[in-house]
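Given next are the chains, with one letter for each unit.
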Amino acid sequence: MKSIVVFCGSSAGLDPVYMDQARQLGAALAQRNITLVYGGAKVGLMGAVADGALQAGGKVIGVLPHFLQQKELAHTGLTELVLVDTMHERKTKMNELSDGVIALPGGFGTMEELFEMLTWGQLGLHQKPVGMLNVNGFYDALHQLSQTMTEKGFLSASNRDMLLYSDQIDELLTKMEQYRPAEKPKWITPAQS
């Protein structure tokens, strides 16, 4: 993996461990010579992951819609800032620029980005590893929900297992490096999309 997109909150959260883990993830990517691709903002976990990578000498590409830049949320110290018109273009560009996906804690926006990437993987539109850094058990309930989806017949075990979990940065990155996509995507192939 040469680049990883990180989806995460534009808020810091209530526990300082979230900001600390975001900085550490950014630094770990830089140390592995992996380019960080993220949402381009200077606030919350987004700013922390970017700062962690930059302070460790890493390359950071932000992708930000114009309307958020106009609200003065853009990080000004990035290697590159790509400006787009819409949130949909933002996700498309982040997907194009990345070889893998990591979700840190976040809110609805983070969940929406994570689930879109999982859905695209399920449909065979990409074969990238998708991981969640389970900081302080933040994603325990989502992990249980994915188990329930499988038990109730709404999600195959192979698609459930596309989502990689760990509470340790190095372990998650190793799982992502070793990831092999499911052989049979659900219903369509990239040529049909």
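Residues numbered from 1 in each chain as written. Predicted model: local features only at pLDDT ≥ 70, side-chain atom pairs only at ≥ 80, totals over all residues. Heavy atoms only, no water.

Draft legend 1. Highlighting the overall build of the chain. A count of helical and extended segments in the chain gives eight helices and seven strands. For the chain, the C-alpha radius of gyration of 16 Å lies close to 16 Å, the compact-globule estimate for 193 residues. Projecting the C-alpha coordinates of the chain onto the three principal axes gives extents of approximately 45 × 35 × 30 Å. Counting the 193 residues in the chain, one finds 49% classified as buried. For the chain, contacts bridging at least 24 residues in sequence account for 71% of all contacts bridging at least 6. Split by element, the accessible area of the chain, about 9800 Å² in all, is 51% carbon and sulfur. (Helix = DSSP H or I, 4+ residues; strand = E, 2+ residues; numbered from the N terminus. Rg over C-alpha atoms; globule rule 2.2 N^0.38 Å. Buried < 20%, exposed > 50% of the residue type's maximum accessible area, 1.4 Å probe, protein only. Contact = heavy atoms within 4.5 Å. Areas by Shrake-Rupley, 256 points an atom, 1.4 Å probe, with all protein chains shown as cover.)

Draft legend 2. Fine view of the packing of aromatic side chains. Counted by the stated rule, this structure contains two aromatic pairs. With 6.1 Å between their ring centres and 75° between their planes, Tyr18 and Phe138 make a pair best called edge-to-face. With Tyr18 in helix α1 (residues 16-31) and Phe138 in the loop between β6 (130-133) and α6 (140-151), this residue pair connects regions lying 120 residues apart in the sequence. A relative accessible area of 16% means that Tyr18 is categorised as buried. Classification of Phe138 by relative accessible area gives partly exposed; the value is 34%. Taking 4.9 Å as the distance between ring centres and 90° as the angle between the ring planes, the aromatic pair formed by Phe138 and Tyr139 counts as edge-to-face. Relative accessible area serves as the criterion here: at 2%, Tyr139 is assigned to the buried category. Grouping aromatic residues by their ring pairs yields a cluster made of Tyr18, Phe138 and Tyr139. (Phe/Tyr/Trp six-rings, centres within 6.5 Å; stacked < 30°, edge-to-face > 60°.)

Draft legend 3. Seen up close, the side chain of Lys128. Structurally, Lys128 is set in the loop between α5 (108-122) and β6. Polar side-chain contacts of Lys128 include one of 2.4 Å to the backbone oxygen of Asn95. A polar contact of 2.8 Å, which involves the side chain of Lys128, links it to the backbone oxygen of Ser98. Not counting chain neighbours up to four residues away, the residues in contact with Lys128 comprise Asn95, Ser98, Asp99, Gly100, Met117 and Tyr179. (Polar contact = N/O pair within 3.5 Å; in protein donor to acceptor, adjacent residues only side chain to side chain.)

Draft legend 4. Examining the pattern of salt bridges more closely. Tallied over the full model, the rule gives six salt bridges. One salt bridge connects Arg32 with Asp170, and the closest N-O pair in it is separated by 3.5 Å. Of this pair, Arg32 sits in the loop between α1 and β2 (35-38) while Asp170 is found in helix α8 (residues 169-178), placing the two residues 138 residues apart along the sequence. Among the residues examined, Arg32 registers a relative accessible area of 29% and is labelled partly exposed. A salt bridge links Asp161 to Arg160; the shortest N-O distance between them is 3.0 Å. (Salt bridge = Lys/Arg side-chain N within 4 Å of Asp/Glu carboxyl O.)

Draft legend 5. Representation of α1 in the model. Across its 16 residues, α1 extends 23 Å between first and last C-alpha, which sits within 8% of the 22 Å expected from 1.5 Å per residue. When we look at burial in α1, the residues that qualify are Tyr18, Met19, Gln21, Ala22, Leu25, Gly26, Ala27, Ala28, Leu29 and Ala30. Where α1 is buried, its residues touch β1 (3-7), β2, α2 (44-55), β5 (100-103), β6 and α8. (Expected span 1.5 Å × (residues − 1).)

Draft legend 6. Region of interest: the pairing of β6. Here β6 shows a buried face lined by Val130 and Met132 and a second buried face lined by Gly131 and Leu133. Here β5 runs beside β6; their pairing, made up of three bridges, is parallel. Residue pairing across strands places Ala103 opposite Met132, the latter belonging to β6. What joins β5 to β6 is α5, and the crossover it makes is right-handed. (Pairing = 2+ DSSP bridges. Right-handed = clockwise from strand over helix to strand, strands pointing away.)

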